[in-house]
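# Understanding the architecture of this molecule
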Amino acid sequence: MAFAIIVLVAALFLKIDKFKIFLFFLFPFTCGIPGYTMLVSIIALFFKSISKIKLRKLQVIPILFIAFLEFFNCIIHTGDVDTSAYLSFMSFTAVFFFLLFDKDNYKQSRECILAFIFGTVFVAFIIYYKMIEVYGLDMILMGKLRGAMGDVYEEGAGKLITNGNNMAYLSIVLIGILMLGAKRLRLPAILYNSLLVLSILIGMGSFSRTWMLLFALIIVAYLLHERNLKALFSLVIIFGAVILLFPNILAGFTNVMTDRMAGDNIETGGGRTVIFNQYNEVWSQSILYVLFGTSLTSYHEVTNISGSMHNSIQQIYVTLGLIGLLLYIGLFIKFFNTKNVGKPSLFNYLPFFAGAMFLQSIQFLEPYFLMLPLIPACYAFLVRDFDSNKNT
């Protein structure tokens, strides 16, 4: 309730532009705040926007379409709608599409991205601090706590609880965004380098195999694109700082990752390929499932499979059907066809593709908060060299 009140107060007293920046700062906190906070957020966005600007079709039509599709699936397959889950799912979905296609907000894409970066670093600090306080650093370095990270020992709502995969996802999006560079993000060099080091540490603390592979790909892409000694020197400085300042973390990461890469479940991705095949088998048995999906809020009940999907594309087509998958693909293509923002570079696309690739090993639509980091990842496409973002 406290977070919902904070959002409501912010909506009442902040101007619409500042309120949107505030929401980007709030995104990482949604791993622990109740879903109705996003319901308050989207209601505030609509009311504040209606009074100031004209809403665009792409901010409304996808929301209404998915709302109808999810309701249809629930009624057809279960005969009932879980109102709480439905409202939470649709609130996050509404915020996602509203801000993704909010062209009036594109002019402050850089400020929104920075708010997300600082919010994520702050949340990560709280989560790791609480883990160290309760369990000690050694337990983290042994990789024993990646299954449940944060306020797992406290009772009550509003706890910041996540897991290693989700932290790795946040980290890889941060690193992808920071590859835009200090000048594009208009950050002082010391602050920029500090944020990059912290983002790497957040990922290392997750002990995620996917994170390690994508991080390596980002570094390779960076070196191939820059092709100069300055870029190589910058990376040496960053890694040198991590090694010198945090040798125990590096040693723990190396040991745990060596064990994880040599583990018996590496071939099945921790059992994910088994679950992947199970869902595909059930999904392919019904033309209704294939076209329209099983519903997001009750897919466990409909498919009678207890394990969660760990592939975002599969999660979309299983729960919302091929129609839902084509909708998301089409809308992302539409976003990246945004005009009048200057010529993009590799680094403008990197945050989205890094985040999207990581999501192929976890989820996207549920847990609901996993949608939100893709908004700043997409906004990175709008940030150009040193000039003001143009509003289309």
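As the structure is a computational prediction, the values presented were derived from the model and not from experiment.

### Considering the overall build of the protein
When helices and strands are counted, the protein shows 19 helices and two strands. Counting across all 392 residues of the protein, residues that qualify as buried make up 54%. Considering only contacts in the protein between residues 6 or more positions apart, those separated by 24 or more positions represent 77%. About 17,600 Å² of surface is accessible on the protein, with carbon and sulfur atoms providing 67% of the total.

### Concerning unusual backbone geometry
Look at the link from glutamate 366 to proline 367: it is a cis peptide, with omega at 5 degrees. Examined against the element boundaries, proline 367 turns out to sit in the loop between helix H18 (346-359) and helix H19 (374-379). One non-glycine residue, phenylalanine 207, adopts positive backbone phi at about 55 degrees. Examined against the element boundaries, phenylalanine 207 turns out to sit in the loop between helix H10 (189-204) and helix H11 (209-226). In this model, serine 295 sits at a positive phi of 95 degrees, which is unusual for a non-glycine residue. Judged by relative accessible area, which is 0%, serine 295 ranks as buried.

### Let's talk about a nonpolar patch on the surface
A cluster of nonpolar side chains, Ile5, Leu8, Val9, Leu12 and Phe13, forms an exposed patch at the surface whose accessible area comes to about 540 Å². Summarising the element assignment, valine 9 is placed in helix H1 (residues 2-13).

### Considering the packing of helix H8 (residues 164-178) against H10
Two elements in contact, H8 and H10, have axes separated by 8 Å at closest approach and are oriented at 150 degrees. Of the possible angle classes, the one that applies to H8 and H10 is roughly antiparallel. Between H8 and H10 lies a crossing of left-handed hand. Where H8 approaches H10, its residues Met167, Ser171, Leu174, Ile175 and Leu178 are matched on the opposing element by Tyr192, Leu195, Leu196, Ser199, Ile200, Ile202 and Gly203. Along the lines of polarity and charge, the residues of the contact of H8 with H10 split into nine nonpolar, three polar and no charged.

### Looking at the environment of isoleucine 177
Topologically, isoleucine 177 is positioned in helix H8. Measuring from C-alpha to C-alpha, the distance between isoleucine 177 and phenylalanine 381 comes to 9.4 Å, with 204 residues separating the pair along the chain. Residue contacts for isoleucine 177: discarding those within four places in its chain leaves Ile113, Phe116, Ile117, Leu185, Pro351, Pro376 and Ala377.

### Considering the confidence of the model for the protein
The predicted model of the protein averages 85 in pLDDT, with 83% of residues at 70 or higher. Contacts of residues 386-392 to residues separated by more than four positions or lying in other chains number 24 contacts, the stretch itself having pLDDT below 50.

### Regarding the packing of aromatic side chains
In the structure shown here, the tally under the stated rule is 33 aromatic pairs. Ring geometry for phenylalanine 332 versus phenylalanine 352: centroids 5.1 Å apart, planes at 50 degrees, classification tilted. Of the two residues, phenylalanine 332 is situated in helix H17 (residues 312-335) and phenylalanine 352 in helix H18; the sequence distance between them amounts to 20 residues. Each of the two residues, phenylalanine 332 as well as phenylalanine 352, counts as buried. Pairing phenylalanine 352 with phenylalanine 353 gives two aromatic rings, centres 5.3 Å apart and planes at 75 degrees, and the pair type is edge-to-face.

### Some points on the environment of phenylalanine 292
Within the element layout of this structure, phenylalanine 292 appears in helix H15 (residues 287-292). Looking at phenylalanine 292, the relative accessible area reads 25%, which means it is partly exposed. Once the C-alpha coordinates of phenylalanine 292 and leucine 320 are considered, the two residues, 28 residues apart in sequence, prove to be 5.3 Å apart. Setting aside residues up to four positions removed in sequence, phenylalanine 292 forms contacts with Leu69, Phe72, Asn73, Thr319, Leu320, Gly321 and Ile323.

### Comments concerning the packing of helix H4 (residues 57-78) against helix H5 (residues 83-100)
Interaxial distance between H4 and H5 falls to 9 Å at its minimum, and their mutual angle equals 155 degrees. If you check the angle between H4 and H5, you find them roughly antiparallel. Note on packing geometry: the crossing formed by H4 with H5 is right-handed. Side by side, H4 and H5 meet where Leu58, Gln59, Pro62, Ile63, Ile66, Ala67, Phe68, Glu70 and Phe71 of the first sit next to Tyr86, Phe89, Met90, Thr93, Ala94, Phe97 and Phe98 of the second.

Rules used in this analysis
Residues numbered from 1 in each chain as written. Predicted model: local features only at pLDDT ≥ 70, side-chain atom pairs only at ≥ 80, totals over all residues. Heavy atoms only, no water. Helix = DSSP H or I, 4+ residues; strand = E, 2+ residues; numbered from the N terminus. Buried < 20%, exposed > 50% of the residue type's maximum accessible area, 1.4 Å probe, protein only. Contact = heavy atoms within 4.5 Å. Areas by Shrake-Rupley, 256 points an atom, 1.4 Å probe, with all protein chains shown as cover. Patch = residues over 30% accessible without salt bridge, like charges linked within 9 Å, V, L, I, M, F, W, Y side chains within 5 Å. Salt bridge = Lys/Arg side-chain N within 4 Å of Asp/Glu carboxyl O. Axes fitted to C-alpha atoms, helices over the stretch in contact; angles between N-to-C directions. Parallel < 35°, antiparallel > 145°, perpendicular 65-115°, else oblique. Left-handed = near helix turned anticlockwise from the far one by under 90°. Nonpolar A, V, L, I, M, F, W, Y, C, P; charged D, E, K, R; others polar. pLDDT = per-residue confidence, 0-100. Phe/Tyr/Trp six-rings, centres within 6.5 Å; stacked < 30°, edge-to-face > 60°.

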